[in-house]
Amino acid sequence: DIRKPLVRTLLFDKLNAFVKSTDPSVFNQAMMECGALICTPKSPLCGECPLVATCFAYKYQQQETLPVKSAIKAVPTLDVVVGVVQDAVDGRVLITKRHTKQMLGGLWELPGGKCEDGESREAALMREFKEELGVDIRVYEQLAHVKHAYSHFKINLYAYRCDIQKGVPECRSATALEWVLPERFDTYAFPKANIKLFEKMFGSHFKVSN
């Protein structure tokens, strides 16, 4: 399977000696031309190929089955919800700091998490606040939605306006929490997806919209 790193390494090691003995750009162009004009995926022109004498596929009559290239695995898409809890007096927003052992460790974020199978976004947000901060919240309207892609998965990130109904926020999974004015968000390190939300919710200057 030519998608596997081991196979790519073997091919690279095998071809490296040839690349070093000539102009690499000329070598690469020649290989691409061979693939485009002669060694095509279907009905290759083996009789015209200058490499046929050392071709494994031709020797064993496997031109139609080699190379083996596995299908690309579908990239999963997750629904993630975060809550915007804002102080009614001064407009500060509750943010938390991710644990260093987590993905994106050490960055600040709006509290929340991913939705479980069959769980509504509102229910997921209430569960996450209870688990992470030990508080009961009420979920109001959706404020923003953005899409973001990581190396192995994608997310739909939803932000909802919330307020705390019961309890005082405490760090149960995060390493710190703070109440911060949106215009001071630029002094904190946030994941790119959160920044996309801020731009939609608070405008270019991250000022709270009434």
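Residues numbered from 1 in each chain as written. Predicted model: local features only at pLDDT ≥ 70, side-chain atom pairs only at ≥ 80, totals over all residues. Heavy atoms only, no water.

### Looking at the pattern of salt bridges
For clarity, the threshold we go by: One speaks of a salt bridge when a side-chain nitrogen belonging to Lys or Arg is within 4 Å of a carboxyl oxygen belonging to Asp or Glu. The helix and strand labels rest on DSSP assignments: H or I over at least four residues marks a helix, E over at least two residues marks a strand, and numbering proceeds from the N terminus.
Taken as a whole, this structure holds nine salt bridges when the rule is applied. Where E116 meets R127, a salt bridge forms, and the shortest distance between an N and an O atom there is 4.0 Å. Of this pair, E116 sits in the loop between β4 (112-114) and α4 (121-133) while R127 sits in helix α4, and the two are 11 residues apart along the sequence. A salt bridge links E119 to R127; the shortest N-O distance between them is 2.8 Å. One network of salt bridges, with partners in common, ties together E116, E119, R127, E128 and E131.

### A closer look at the environment of P67
Applied cut-off: Three labels apply to residues, based on accessible area from a 1.4 Å probe with only protein chains included: buried if under 20% of the type maximum, exposed if over 50%, partly exposed otherwise in between.
The residue P67 is located in the loop between α3 (56-59) and β1 (77-85) in this model. For P67, a relative accessible area of 56% gives the class exposed. Distance from P67 to E199, taken between C-alpha atoms, is 47 Å for residues 132 residues apart in sequence.

### A few points about the layout of surface pockets
Test applied: Using a 1 Å grid laid over the protein atoms alone, points where a 1.4 Å probe fits but cannot get out form a cavity; open sets with protein on both sides within 12 Å along at least 5 of 7 lines form a pocket; any residue with an atom within 4 Å of a point counts as lining. Grid points are joined across faces, edges and corners, and a volume is the space filled by probe spheres set on the points. Residues are grouped as follows: nonpolar covers Ala, Val, Leu, Ile, Met, Phe, Trp, Tyr, Cys and Pro; charged covers Asp, Glu, Lys and Arg; every other residue, Gly included, is treated as polar.
Taken as a whole, the largest pocket holds about 1,500 Å³ of empty space. Where the lining of the largest pocket is concerned, the elements lending two or more residues are α1 (5-20), α2 (24-37) and α3. The element that contributes the greatest number of residues to the lining of the largest pocket is α1, accounting for seven residues. Class assignment of the residues belonging to the lining of the largest pocket gives a composition of 28 nonpolar, four polar and three charged. The computed volume of the second largest pocket comes to approximately 480 Å³. Along its surface, the second largest pocket is lined by 25 residues, and V80, R98, E109, G113 and K114 are the ones closest to its centre. Only β1, β2 (93-97), β4, α4, β6 (154-166) and α5 (192-202) provide two or more residues apiece to the lining of the second largest pocket. Per-class residue counts for the lining of the second largest pocket are 13 nonpolar, six polar and six charged.

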